[in-house]
Amino acid sequence: MTIIERFLNYTKFDTQSAEESQTVPSTAKQLVFAKYLKEELEREGLCDVEMDEKGYIYATLPANATGHDVPTIGFISHYDTSPDSSGADIKPRIVKDYDGGDIVLSDGIVLSPTKFPELKGHVGCDLIVTDGHTLLGADDKAGIAEIVEAMCYLRDHPEVKHGKIRVAFNPDEEIGMGAHHFDVERFACRWAYTMDGGDVGELEYENFNAASAKIALRGISVHPGYAKDKMVNANRLAAEFAAMLPADETPESTEGYQGFYHLIGMQTSTEQGKMSYIIRDHDRQRFEERKAFIMACAERMNEKYGQGTVTAQVSDQYYNMREKIEPDNMHVVDLVLEAMRQVGVEPKVKPIRGGTDGAQLSFKGLPCPNIFAGGINFHGPFEYVPIQSMEKAMQVVVKICELTAQKCSD
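For clarity, every value in this text was computed on a predicted model and none was experimentally measured.

**Q** What am I meant to see in the nonpolar core here?
**A** Within the largest apolar cluster, 67 residues are counted, with the highest numbers of intra-cluster contacts made by F7, F75, M151, F169, Y193, I371 and I400. Each residue touching F75, except ones within four places of it in the same chain, is listed here: I147, I165, R166, V167, A168, F187, Y193, M195, V397, I400 and C401. By size, the runner-up hydrophobic cluster in this structure holds 22 residues, among which are V232, M244, Y277 and A312.

Listed below in structure tokens is the structure:
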């Protein structure tokens with residue numbers, strides 16, 4: 001089976017996760033794919049293949065390097081797809097030797113370099129695209145295909161010496177829960193990598209610090225004809241609260257290391273309301289200041305309208321993995337940089353404007369940078385992945401395994 005066949009086969013499974021679910025995994029359909037994936041790993045000859053009751057899959061490629069102590073390293077990808085766009089009945093197709101023009105996905109739906117200029121960087125590549133009605137699932141089934149294909153390559157090429165390699169695949173990354181039930185002790189690696197990045201060459205070992213903020217608004221409903229000095233309109237409270245936050249510190253106004261407040265949902269009536277925010281910043285001190293500012297805004301509203309009018313609850317979600325990588329584990333990053341260059345990939349080290357399972361795993365004691373999987377335009381119908389990018393990602397995995405063994409034998 002080729003890496004292309006493997007990936008296309010994976011897209012047949014609907015593995016969309018669900019934000020509001022209380023189960024693990026969040027959707028039962030994820031387990032259907034997980035069971036298939038477990039059986040595939042067994043068929044491909046990996047050892048110690050196991051899946052726990054929550055759908056976390058672990059497996060081993062035994063070492064073939066002898067005579068020295070090579071550390072056990074791991075590779076991780078998630079198999080759920082985003083709740084933002086349908087993952088059912090995906091109809092992928094391959095656009096061979098992309099010519100740089102518009103790609104008609106279906107009637108009236110066009111993947112165009114005018115709207116998506118990153119397409120220009122893939123002229124001459126073979127692109128796997130959607131039919132414009134679902135996401136593709138390259139996030140992160142491309143990563144799974146690359147890892148499995150790399151393990152098969154190492155299995156079939158014993159001349160490439162490597163230590164013990166662990167692989168793991170998990171549910172619910174897209175809803176921020178992927179690492180919550182990941183068993184780091186069972187995985188038993190010195191360090192690992194998530195294959196969950198974007199375009200070729202991307203390497204990320206720093207990400208946002210992240211928190212959620214839930215704002216509850218309590219109004220007073222009175223007949224509008226008699227509301228003078230009595231009504232407190234929760235709709236207007238919500239608008240006033242939103243206006244207190246900096247208008248230029250939103251996702252659509254920021255880039256690079258700039259943080260933001262993002263209003264992701266709001267339900268209001270005259271009598272009550274709810275607002276949901278996410279808070280993001282790479283800098284830990286600035287992150288703490290943002291959380292404090294949200295609380296201060298709520299207090300100012302209460303001073304104006306009465307205590308209990310606005311209640312804010314802020315909860316941390318994950319932190320910047322740079323805190324765990326940079327002090328003592330930069331060799332983990334250096335290995336990837338060398339591996340990329342040796343397989344002809346120019347590294348692009350950049351901060352993640354988001355999160356990754358690797359962030360939470362790094363804080364659980366498993367240093368875990370994020371490597372490109374090749375997909376572009378995640379979470380929507382314009383998602384695509386160049387086949388050549390997937391092949392390069394697979395080569396990077398193989399080379400990391402080889403270099404780890406070489407450096408430990410020096």
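**Q** Would you mind going over the sheet that holds strand β7 (residues 127-129) with me for this structure?
**A** What holds strands together in a sheet is hydrogen bonding between their backbones, with the strands either parallel or antiparallel. One open sheet accounts for 3 strands, arranged β4-β7-β17; its pairing is antiparallel. Edge positions in the sheet fall to β4 (93-95) and β17 (385-386), since each of these pairs with one other strand and no more. Where β7 lies against β17, 2 bridges are found, and the strand directions are antiparallel. Directly across from L127, in β17, lies its bridge partner P386.

**Q** Just checking my understanding: could you explain unusual backbone geometry for this structure?
**A** A negative phi holds for most residues other than glycine; trans holds for most peptide bonds. The amide bond that connects V24 to the next residue, P25, takes the cis arrangement and shows omega of -5°. Mapping P25 onto the fold places it in the loop between α1 (3-10) and α2 (29-43). With an omega dihedral of 15°, the bond running from D139 to D140 counts as a cis peptide bond. Along the chain, D140 falls in helix α3 (residues 138-156). A positive phi angle, close to 65°, is found at D172, a residue other than glycine. In the Ramachandran plot, N377 falls in the positive-phi region, its phi being about 60° despite a non-glycine side chain. Structurally, the position occupied by N377 is in the loop between β16 (370-372) and β17.

**Q** Sorry, what's going on with the pattern of salt bridges here?
**A** Side-chain pairing between opposite charges can occur once the charged atoms of the two side chains come close. Taken as a whole and assessed by the stated rule, the structure comprises 25 salt bridges. In this structure, D14 and K29 form a salt bridge, with 2.9 Å as the shortest nitrogen-oxygen distance. Placement of D14 in the loop between α1 and α2 and of K29 in helix α2 is noted, with a sequence separation of 15 residues between them. Between R286 and E249 there is a salt bridge, with its nearest N and O atoms 3.3 Å apart. With R286 in helix α6 (residues 284-305) and E249 in the loop between α5 (234-244) and β12 (260-268), the pair connects residues that are 37 residues apart, well separated along the chain.

**Q** Could you clarify how one ought to interpret empty space enclosed by the protein in this entry?
**A** Unoccupied space between atoms shows up once a probe the size of one water molecule is rolled over them. Scanning the model with the defined rule gives 1 cavity of 30 Å³ or more in all. As a volume, the largest cavity reaches approximately 40 Å³. In terms of lining residues, the largest cavity is bounded by I76, S77, H78, D140, E173, T194, D196, T356 and D357. Among the elements that make up the lining of the largest cavity, the one with the highest residue count is strand β3 (residues 73-78) (3 residues). By residue class, the composition of the lining of the largest cavity is 1 nonpolar, 4 polar and 4 charged.

**Q** Please clarify how the pairing of strand β5 (residues 103-106) should be interpreted in this entry.
**A** Every regular strand shows the same layout, with side chains that alternate between the two sheet faces. The pairing of β5 with strand β6 (residues 109-111) spans 3 bridges and is antiparallel. Bridge pairing links S106 to I109 in β6. Between β5 and β6, which pair antiparallel and follow one another directly, the connecting turn spans 2 residues, one of which, G108, has a positive phi of 80°.

**Q** What is the right way to read the sheet that holds strand β8 (residues 165-170) from this model?
**A** An order of β1-β2-β8-β3-β9-β16-β10-β15 is seen for the 8 strands of this open sheet, with the pairing classed as mixed. A single partner strand is all that each edge strand has here, and the edge strands are β1 (47-51) and β15 (348-349). This element, α2, spans β1, β2 (57-61) and β8 of the sheet and lies at about 175° to β1. With respect to the sheet, helix α8 (residues 330-342) is in contact with β9 (191-197), β10 (202-204), β15 and β16, its orientation differing from that of β9 by roughly 55°.

**Q** How do you make sense of the pairing of β12 when you look at a structure like this?
**A** Relative to strand β13 (residues 272-281), β12 runs antiparallel, the two being bridged by 8 bridges. Residue pairing in the sheet places G265 in a bridge with S276 of β13.

**Q** Please clarify how the side chain of E40 should be interpreted in this entry.
**A** Among the secondary structure elements, E40 is positioned in helix α2. Given the relative accessible area of 1%, E40 is considered buried. Ignoring sequence-local partners within four residues, the contact set of E40 consists of M1, R6, Y10 and V148.

**Q** Is there a simple way to explain the packing of aromatic side chains in this structure?
**A** The relation between two aromatic rings is expressed through the spacing of the ring centres and the mutual angle of the planes. A complete count under the given rule lists 15 aromatic pairs for this structure. Of the aromatic side chains, those joined through ring pairs into one cluster are Y10, F13, F33, Y36 and Y79. Its guanidinium or amino end placed over the ring of F33, K141 lies 5.3 Å from that ring's centre, counting from NZ or CZ. Over the ring of Y319 we find R284; its NZ or CZ atom is 4.0 Å from the centre of that ring.

**Q** I'm lost on the environment of H162 in this one. Help?
**A** For H162, the location among the structural elements is in the loop between α3 and β8. Linking H162 and K91, residues 71 residues apart in sequence, is a C-alpha distance of 37 Å.

**Q** Explain α3 to me, please; I cannot follow it from the model alone.
**A** An α-helix turns once every 3.6 residues. As a result, residues three or four positions apart point the same way. A rise of 1.5 Å per residue sets the reference length of α3, with its 19 residues, at 27 Å; its end C-alpha atoms lie 25 Å apart and thus fit the reference within 8%. In terms of burial, α3 is a largely internal element, 16 of the 19 residues being buried.

**Q** Honestly, α2 in this entry has me stumped. Any pointers?
**A** With 15 residues, α2 extends 22 Å from end C-alpha to end C-alpha; this agrees with the ideal 21 Å at 1.5 Å per step. Looking at α2, one finds that the buried residues are Q30, F33, A34, Y36, L37, E40 and L41. Viewed along the axis of α2, the buried residues span an arc of 165°, placing them on a single side of the element. In this structure, the buried residues of α2 make contact with α1, β1, β2, α3 and β8. One or two steps after α2, the chain reaches G45, where phi turns positive at roughly 90°.

Cut-offs applied
- Starting from 1, residues in each chain are numbered consecutively following that chain's sequence as written.
- For a predicted model such as this one, the threshold for reporting local features is a pLDDT of at least 70, and the threshold for listing and counting side-chain atom pairs is 80 or more; totals across whole chains, interfaces and linings nevertheless cover every residue.
- Each side-chain value is worked out from all heavy atoms of the structure, with water and hydrogens disregarded.
- The term nonpolar core refers to a set of buried residues drawn from Ala, Val, Leu, Ile, Met, Phe, Trp, Tyr and Cys, joined through side-chain atoms within 4.5 Å.
- Burial classes: relative accessible area under 20% of the type maximum marks a residue as buried, over 50% as exposed, and values in between as partly exposed (1.4 Å probe, protein chains only).
- Contacts are residue-level and defined by heavy atoms, with any inter-residue pair within 4.5 Å sufficient.
- In this description, strands pair whenever DSSP reports at least two bridges between them.
- Strands are runs of DSSP state E lasting at least two residues, helices are runs of H or I lasting at least four, and both sets are numbered from the N terminus onward.
- The working definition used for a salt bridge is a side-chain nitrogen of Lys or Arg within 4 Å of a carboxyl oxygen of Asp or Glu.
- Every definition here rests on a 1 Å grid over the protein atoms only: cavities are sets of points where a 1.4 Å probe fits but cannot get out, pockets are open sets enclosed by protein on both sides within 12 Å along at least five of seven lines, and lining residues have some atom within 4 Å of a point.
- Grid points are joined across faces, edges and corners, and a volume is the space filled by probe spheres set on the points.
- Three residue categories are used. Nonpolar comprises Ala, Val, Leu, Ile, Met, Phe, Trp, Tyr, Cys and Pro, charged comprises Asp, Glu, Lys and Arg, and polar comprises the others, including Gly.
- Throughout, an axis means a line fitted to C-alpha atoms (over the contacting stretch in the case of helices), and angles, computed between N-to-C directions, take values from 0 to 180 degrees.
- Only Phe, Tyr and Trp rings are paired, with Trp represented by its six-membered ring, and only when their centres lie within 6.5 Å; those with planes under 30 degrees apart are stacked, over 60 edge-to-face, the remainder tilted.
- Two limits define a charge over a ring: the Lys NZ or Arg CZ must be within 6 Å of the ring centre, and within 35 degrees of the ring normal.
- A helix is expected to span 1.5 Å multiplied by its residue count minus one.
- Summarising the geometry, the arc corresponds to the directions from the helix axis toward the C-beta atoms.

Note that every value here comes from positions in space, so none of it alone points to a role or purpose.
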